[in-house]
Amino acid sequence: MATVKVKGMSCQHCVKSVTEAMEKLGAKDVRIDLLTGDVNYDEPAPIRKDDIKAAIEKIGFEYVG
């Protein structure tokens with residue numbers, strides 16, 4: 001299980017957008033906590049943080065790390 005922080009999510013549409021972006025990178029079982037901004041996921045193969053940052057920022061959110 002891995003975790004990254006994302007700022008700017010406030011609704012279920014945000015959750016869906018971030019989940020889809022993470023799944024396109026290969027993440028599985030994505031779970032998002034809107035209150036903390038935590039994005040938890042399983043990564044069958046390692047996902048580069050630079051790729052996550054680019055995907056998150058492309059859809060309009062701020063990647064915190």
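In this report, the structure presented in the accompanying data block is examined. Treat the numbers as computed from the prediction; the structure is a model and nothing was measured.

Among the structural elements, E20 can be located in helix α1 (residues 12-24). Separated by 19 residues in the primary sequence, E20 and V39 have C-alpha atoms spaced 12 Å apart.

Right, let's get into the pattern of salt bridges. Under the definition given, this model contains five salt bridges. When the shortest N-O distance is used, the salt bridge between E20 and K16 registers 3.5 Å. Of this pair, E20 and K16 are both found in helix α1, four residues apart, which corresponds to roughly one turn of the helix. Among the residues examined, E20 registers a relative accessible area of 38% and is labelled partly exposed.

In this section: the sheet that holds strand β3 (residues 38-42). Taken in spatial order, the four strands make up an open sheet running β2-β3-β1-β4, and their pairing is antiparallel. One side of each edge strand has no neighbouring strand; the edge strands of this open sheet are β2 (28-33) and β4 (62-63). The pairing of strand β1 (residues 2-7) with β3 spans four bridges and is classified as antiparallel. Following the sheet pairing, K5 is matched in β3 by D38. Of the strands in this sheet, β2 and β3 touch α1, which is tilted by about 150° from β2.

Conventions we followed
Residues numbered from 1 in each chain as written. Predicted model: local features only at pLDDT ≥ 70, side-chain atom pairs only at ≥ 80, totals over all residues. Heavy atoms only, no water. Helix = DSSP H or I, 4+ residues; strand = E, 2+ residues; numbered from the N terminus. Salt bridge = Lys/Arg side-chain N within 4 Å of Asp/Glu carboxyl O. Buried < 20%, exposed > 50% of the residue type's maximum accessible area, 1.4 Å probe, protein only. Pairing = 2+ DSSP bridges. Contact = heavy atoms within 4.5 Å. Axes fitted to C-alpha atoms, helices over the stretch in contact; angles between N-to-C directions.

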